[in-house]
Amino acid sequence: MGQELKIFSGMANRSLAEEIAAYLGAALGDVEVSRFADGETFVKFNENVRGVDVFIVQPTVSPASNMIELLLMLDAAKRASAQRVTAVVPYFGYARQDRKDQPRVSIAAKLMANLITVAGADRVLTMDLHASQIQGFFDIPMDHLFAAPVLMQYFKDLDVRNAVMVPPDLGGTKMARALAGKMGLSLAVIDKRRVGPDRSEAVHVIGEVAGRRVFMVDDLISTAGTVCEAARVLKENGAKEVYLACTHGLFAGNALEKLDAAPIEEVGVTNTVRISRKPPFRKIRVLSVAEILGEAIVRIHRSESVSSLFE
Ligand code: R5P
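Residues numbered from 1 in each chain as written. Predicted model: local features only at pLDDT ≥ 70, side-chain atom pairs only at ≥ 80, totals over all residues. Heavy atoms only, no water.

1. Considering the pattern of salt bridges
What counts here: The term salt bridge refers to a pairing of a side-chain nitrogen on Lys or Arg with a carboxyl oxygen on Asp or Glu at a separation within 4 Å. Under the DSSP-based scheme used, a helix requires at least four consecutive residues in state H or I and a strand at least two consecutive residues in state E, with every element numbered from the N terminus. Summary of the burial criterion: residues with accessible area below 20% of their type's maximum are buried, those above 50% are exposed, and those between are partly exposed, where the area comes from a 1.4 Å probe applied to protein chains only.
Applying the stated criterion across every chain yields a total of 15 salt bridges. The closest approach of N and O atoms between Asp-143 and Arg-123, which form a salt bridge, is 2.8 Å. Within this pair, whereas Asp-143 is found in strand β7 (residues 142-145), its partner Arg-123 is found in strand β6 (residues 123-127), the two being separated by 20 residues in sequence. The same class applies to Asp-143 and to Arg-123, which are both buried.

Here's what the structure looks like:
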């Protein structure tokens, strides 16, 4: 594409957007995002975007005003005659509500996809969707990136000798197996089963963890209940130490305090979502995905392969 490329950011994770822009050798574009007295959002591009290949960086993490900002920026860019607008959504929120698994509930992930499309996105660039089928909720091109290279490097820097990869629950097996395969590590899984209608769960570890360094990996941490419980089970089964790496650190409520108290040595978490609460949380190590996102943006702009980034 011959057009100029410009990158803009909402308020949700400006530091990531700045890092991406630096990777591209550019400065962030000038867009104003403010609030009216009643709380409504206002956005205005303070520079020309006519005919420009526009990329708007905004994870749609809670609160919902982050999504509203993204929608308004997409709409404003489109109405200002941008040649093409790409929503760069490092963390796609509401992804866990991706099916009608009970009566009278919303398929919120589909609704969010519709909103982004209707607001004017020509393309979407995202990372580690909670369920990759969500790609099908979009009828516009979507590039789905993986934080795996960054998570893998985190583990490699720790020392992989005598290590075993473990997902914190069976839902995370696919991600953990892929990483274990690439790193040449074995995989163990935590199998939780309800033993009867009124009986609590039986927990077994399938695979060898005793005396070993465990690398636990997950796509997201919200309350941290899943990973803290898994770490406890792994330690009970003789794991020497547990390290955790995760793509999206939502850290709801007292999740950071829970992680500090859990038998986990350290948590490597990417910067798809801004960690707004300040330390002391001695276990958190932030890993940057700016280079992956920046490189994907360059390739999209030049109409080059994005999947080859992960080969
Ligand atoms: C589950 O499917 C996810 O991959 C996470 O394990 C889960 O959503 C994390 O939630 P929490 O941190 O609240 O346990």
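That covers the picture; the talk isn't over yet.
2. With respect to helix α4 (residues 148-158)
Listed in full, the buried residues belonging to α4 are Ala-148, Val-150, Leu-151, Met-152, Tyr-154, Phe-155 and Leu-158. Where α4 terminates, the next one or two residues include Asp-159, which has phi positive at roughly 100 degrees.

3. Description of the domain arrangement of the protein
Put simply, the test is: The split into domains, and so the bounds of each, comes from an automatic or database assignment of domains. By definition in these notes, contact holds between two residues if any of their heavy atoms fall within 4.5 Å. Here the quantity called buried area is the accessible surface, traced with a 1.4 Å probe, that two parts lose on coming together, added over both. Identification of polar contacts relies on pairs of N or O atoms within 3.5 Å, with a donor-acceptor requirement for protein atoms, meaning one able to donate a hydrogen and the other able to accept it, and with residues adjacent in sequence counted only if both atoms are side-chain atoms. Just so you know the grouping, Ala, Val, Leu, Ile, Met, Phe, Trp, Tyr, Cys and Pro go in nonpolar, Asp, Glu, Lys and Arg go in charged, and all remaining residues, Gly too, go in polar.
Segmenting the protein into domains produces domain 1 (5-145 + 291-310) and domain 2 (148-288). A straight line from the C-alpha centre of domain 1 to that of domain 2 covers 28 Å. Between domain 1 and domain 2, the residue contacts involve 17 residues of the former and 15 residues of the latter. When the two sides are added together, the surface that domain 1 and domain 2 hide from each other amounts to roughly 1,300 Å², 54% of it contributed by carbon and sulfur. Counting the surface domain 1 buries against domain 2, the share from its top three residues, Tyr-91, Arg-96 and Asp-128, is 33%. Taken together, the links from domain 1 to domain 2 amount to zero salt bridges. Applying the counting rule to domain 1 against domain 2 returns nine residue pairs in polar contact (both at pLDDT 80 or more). The class makeup of the residues in the side of domain 1 that touches domain 2 is 11 nonpolar, three polar and three charged.

4. Here we look at the packing of helix α2 (residues 65-79) against helix α3 (residues 108-119)
So the rule is basically this: Note on method: axes are straight lines fitted to C-alpha atoms, helices fitted across the in-contact stretch only, with angles between N-to-C directions ranging 0 to 180 degrees. Each angle gets one of four labels, with under 35 degrees taken as roughly parallel, over 145 as roughly antiparallel, 65 to 115 as roughly perpendicular, and the rest as oblique.
It is at 8 Å that the axes of α2 and α3 come closest, and there the two elements cross at 25 degrees. The angle between α2 and α3 places the two elements in the roughly parallel class. For the pair α2 and α3, contact is made by Met-67, Leu-70, Leu-71, Leu-74 and Asp-75 and by Met-112, Leu-115, Ile-116 and Ala-119, respectively. Its residues assigned to classes, the contact of α2 with α3 comprises eight nonpolar, no polar and one charged.

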